[in-house]
Amino acid sequence: MSRRVSASTSSMMSSASGSGPTQSLRDIVQESLSNVLQASTAQLPNDKWIVLVVDPQSLRVISSSIGMYNLMEHHVSIVEDLMKKRAPFRDQAVLYLVEPNEESVDRIVADWTPNKATLKQGPLYGNTVFLYFLGRLPDALFGKIKACKELVKRVKILQEVNLDFLTKEAQAFHFDMGRSPSIYPELYLSKYQTANNISPKQEQMVQKLVTLCATLNEYPHVRYPDENELCKNLAFVFQQKMNEFVGSNSSWWYNGDGLHPNSDRATLLFMDRRDDCLSPLMHEFTYEAMVNDLLTIEDDRITYNSINAGTAKEGTTDEKTTKMDALLNDNDEVWMELRGMHIADVIKVLSTRIRDIVDSNTGSALNKAAKGKDGKALSVNQMAKALKALPEYREIMSKLSQHMQIAHQCMDAFTKQRLLDLSDLEQTLATGKTEDNDVPKLKEILGQVVNEFRQQPDSSMRLRLLAITIVSQRGLESQDYLDKLLNEARLTKGELKALKNLEKLGCPLVRAPQSGTKGRLGKMRGTKVSAYHPDAIESSNEYANSRYVCVLKAIMDKAAKGNLSVDEFPSVMPLPDAEGMLAPSSLSKAKSVRRVNSSSSKWAGSSSTNSQGSKKKGHGGRQIIFMAGGMCYSELRAAREVMADTNMEIVVGSNRFIKPLDFLIDCKNLSQGEA
């Protein structure tokens with residue numbers, strides 16, 4: 001018995017460099033899983049069904065991509081949990097799809113190891129076994145399987161399928177690593193590092209990245225930030241693991257190998273959460289970011305309060321509500337369209353869509369029924385009654401209504417938490433300028449921070465604002481300033497730990513004193529609020545409360561256009577066109593800062609129009625961005641925007657996607673990793 005690595009299912013893909021449409025990451029994973037099932041069931045009689053046995057990780061891989069409801073089409077009769085006691089299906093073949101770890105392999109072997117029960121009744125399943133592993137099966141575990149004779153004689157396929165990751169959306173992935181326990185101690189505390197300068201969790205991340213690249217048919221150029229030791233270590237270990245994979249799989253091909261002329265080699269860029277600790281803390285007002293920050297959502301599933309139209313008592317407007325579940329993922333076209341929009345635009349679009357249906361010729365009956373004698377606009381109650389006469393509208397109106405209610409729940413939380421004024425303060429700290437393009441004195445802004453502390457009853461919100469203040473200014477000017485802010489913030493012991501642990505991520509609470517000329521410049525810098533990074537202001541954004549742009553966006557934009565400096569982001573192996581990336585003149589320096597009309601609402605659009613020129617062409621092959629330490633939702637949105645602007649395929653991922661509270665909890669957990 002020998003192991004096999006699955007051939008890629010994406011061999012018919014077009015180039016990632018713009019010569020034609022490509023399959024998305026999620027499409028490729030779906031196709032790979034379908035091929036696994038088809039290859040197995042093809043060896044069975046047409047009327048035979050198969051039992052699918054999964055472990056927790058492979059179950060999440062399936063759920064995040066193909067979906068459980070599609071399994072029936074491939075003659076899967078039941079999905080069983082490998083970790084639980086299972087009922088026998090002795091007349092059916094079994095397909096194991098598991099992570100290549102010791103616990104899963106031991107349980108598979110136990111299924112086929114003779115004992116009193118199996119000697120009397122026989123094994124749990126029939127005489128046909130298919131073994132699939134999400135990633136590389138270590139030799140020691142392969143040896144355990146070979147030692148089980150009852151299993152070996154029944155195995156028809158043993159294969160590594162390179163799917164040891166979860167798809168977040170069409171072009172995004174994560175490893176579901178770091179939630180519990182936190183991955184931060186192993187990422188950022190030296191005590192966990194082994195002889196090769198990476199910890200076991202870091203090595204696990206690298207191995208999962210190899211399976212991602214194998215599935216995408218990518219043997220990428222590997223780059224990293226020059227001064228980041230973590231990314232450098234990850235990059236070199238990845239290169240080693242990827243070389244080993246290529247060397248041991250002669251039938252595997254990759255984009256840019258010379259045999260596929262319409263494709264270029266990809267680039268994998270390692271990034272580190274420490275290089276931008278501000279973005280995961282900021283309040284974002286795009287739909288997806290607000291849902292994840294302000295509402296309760298788990299694995300894309302959200303519970304919202306749905307208004308039951310027609311339930312108000314006579315003479316009142318109070319409608320009853322019912323808790324409803326919704327999945328906000330790529331299967332929801334409305335969600336895909338709206339998720340990257342500012343919440344004000346989301347509500348505007350939804351209102352317009354609903355009004356268009358009501359005012360359409362086909363919906364004239366609805367329009368008449370929905371308006372009273374005075375011709376006023378319809379209420380939710382009137383709309384629901386009128387829709388009963390127009391069943392063809394129920395599906396789309398139900399979806400629009402669902403998102404309208406979720407959007408309004410976001411706005412309710414926005415109002416309750418007083419985020420309008422708070423967001424203005426955050427934006428000034430992050431960008432170094434007010435919405436009127438003025439650069440305020442730091443002392444004045446710190447006074448506003450203190451006022452916000454005094455009005456904010458939630459200590460976690462005070463922690464978040466204090467962290468934004470410190471991180472955005474690269475540390476406070478003096479210990480005295482810090483002591484005063486801590487006194488006003490009234491943090492709990494755990495929150496204080498989280499704040500102090502920012503220093504372990506390279507964010508000083510107080511700037512180091514400087515002498516000489518640098519000291520004078522440092523003092524001058526302290527008198528004014530300073531921008532967190534040079535590209536902090538989004539010139540094209542029309543909302544004053546969304547001026548700040550994450551660090552990663554400018555990096556992705558330069559990478560997609562072939563302008564990312566090799567000095568600042570070197571590669572493990574020489575790049576083919578590195579010379580053109582060395583000259584500073586090749587980097588675009590043009591920046592424009594939009595002034596928002598001070599008399600307008602912070603929610604109002606800019607009076608100036610944004611000129612839309614032609615999209616700039618992307619450069620080279622697929623760009624893969626991996627953020628160690630968690631990627632936030634503003635970065636996920638930025639990747640979609642850069643991809644749309646450059647027509648370049650970008651795949652982004654991380655050990656997990658994080659919300660602001662997740663990041664602060666991870667910071668707190670750095671204390672748990674100390675000796």
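All figures in this text were calculated on a predicted structure; none of them were measured in a lab.

Asks: Outline the side chain of Arg 273, supporting the account with residue identities and numerical values.
Replies: Of note, Arg 273 is situated in the loop between strand 10 (267-272) and helix 10 (287-294). On the accessibility criterion, Arg 273 (1% relative accessible area) is buried. At 3.0 Å, the side chain of Arg 273 and the backbone oxygen of Gly 630 are in polar contact.

Asks: Residues and numbers for the confidence of the model for the protein, please.
Replies: Confidence along the protein averages 85 in pLDDT terms, with 80% of residues attaining 70 or more. Segment residues 517-525 is flagged for pLDDT under 50; beyond a separation of four residues in sequence, or across chains, it makes 9 contacts in the model. Scored below 50 in pLDDT, residues 582-601 makes 31 contacts in the model with residues more than four places away or belonging to other chains.

Asks: Provide a residue-level description of the nonpolar core, including the pertinent values.
Replies: Ranked by internal contacts, the top residues of the largest apolar core, which has 163 residues, are Phe 173, Phe 238, Phe 270 and Val 291. Top contributing element to this core by residue count: helix 15 (residues 394-416), with 9 residues. Among residues more than four places away in sequence, those in contact with Val 291 are Ile 297, Ile 302, Leu 328, Trp 335, Ile 406 and Cys 410. One finds Val 98, Val 129, Val 155 and Leu 158 within the second-largest nonpolar core, a separate group that totals 23 residues.

Asks: If you had to explain the sheet that holds strand 7 (residues 166-169) to someone new, which residues and values would you point to?
Replies: The strand order across the open sheet formed by 6 strands is 7-8-16-14-10-9, and the pairing between neighbours is mixed. The two strands at the open ends of the sheet, each matched to only one other strand, are strand 7 and strand 9 (221-223). Along the sheet, successive strands turn relative to each other by an average axial angle of 25 degrees, direction set aside. Across 3 bridges, strand 7 lies against strand 8 (residues 172-174) in antiparallel orientation.

Asks: Provide a residue-level description of the packing of aromatic side chains, including the pertinent values.
Replies: Geometrically, a pair of aromatic rings is defined through the distance of the ring centres and the angle of the planes. The tally for this structure, following the rule as stated, stands at 16 aromatic pairs. Consider the rings of Phe 245 and Trp 252, whose centres lie 5.2 Å apart with planes at 80 degrees: the pair is edge-to-face. By the burial criterion, Phe 245 is buried, and Trp 252 matches it. By the ring-pair criterion, three or more aromatic residues cluster together here, those being Phe 165, Phe 173, Phe 175, Phe 238, Phe 270 and Phe 626. In this structure, Arg 265 packs its charged tip against the face of Tyr 219, placed 4.8 Å from the ring centre.

Asks: Break down helix 12 (residues 343-359) for me, with residues and values.
Replies: Every α-helix winds through 3.6 residues per turn, so residues three or four apart in the chain are directed the same way. Here helix 12 is 17 residues long and its end C-alpha atoms lie 24 Å apart, about the 24 Å a rise of 1.5 Å per residue gives. Among the residues of helix 12, those classed as buried are Ile 343, Asp 345, Val 346, Ile 347, Leu 350, Ile 354, Ile 357 and Val 358.

Asks: Kindly report on the environment of Met 83, identifying the contributing residues and their values.
Replies: Topologically, Met 83 is positioned in the loop between strand 3 (76-81) and strand 4 (93-98). Assessed through its relative accessible area of 21%, Met 83 is described here as partly exposed. Taking the C-alpha atoms as reference points, Met 83 and Ile 108, 25 residues apart in sequence, are found 9.7 Å from one another. Aside from chain neighbours lying at most four places away, what touches Met 83 is Asp 55, Pro 56, Glu 103, Ser 104 and Arg 107.

Asks: Break down the pattern of salt bridges for me, citing the residues and quoting the values.
Replies: Within the structure shown, the criterion is met by 35 salt bridges. Among the ionic pairs, Arg 107 bridges to Glu 103, the shortest N-O distance being 3.8 Å. Here Arg 107 and its partner Glu 103 are both found in helix 3 (residues 102-111), 4 residues apart, which amounts to about one turn of the helix. Linking Arg 179 and Glu 298 is a salt bridge whose minimum nitrogen-to-oxygen distance equals 2.6 Å. You can see Arg 179 sitting in the loop between strand 8 and helix 7 (184-188) and its partner Glu 298 sitting in strand 11 (residues 297-298), a full 119 residues away along the chain. Residue classification places Arg 179 among the partly exposed positions, given a relative accessible area of 46%. The network of salt bridges with common partners includes Arg 26, Glu 169, Glu 288, Asp 330, Arg 339 and Arg 640.

What counts, and where the lines are drawn
Residues numbered from 1 in each chain as written. Predicted model: local features only at pLDDT ≥ 70, side-chain atom pairs only at ≥ 80, totals over all residues. Heavy atoms only, no water. Helix = DSSP H or I, 4+ residues; strand = E, 2+ residues; numbered from the N terminus. Buried < 20%, exposed > 50% of the residue type's maximum accessible area, 1.4 Å probe, protein only. Polar contact = N/O pair within 3.5 Å; in protein donor to acceptor, adjacent residues only side chain to side chain. pLDDT = per-residue confidence, 0-100. Contact = heavy atoms within 4.5 Å. Core = buried A, V, L, I, M, F, W, Y, C linked by side-chain atoms within 4.5 Å. Pairing = 2+ DSSP bridges. Axes fitted to C-alpha atoms, helices over the stretch in contact; angles between N-to-C directions. Phe/Tyr/Trp six-rings, centres within 6.5 Å; stacked < 30°, edge-to-face > 60°. Lys NZ or Arg CZ within 6 Å of the ring centre and 35° of its normal. Expected span 1.5 Å × (residues − 1). Salt bridge = Lys/Arg side-chain N within 4 Å of Asp/Glu carboxyl O.

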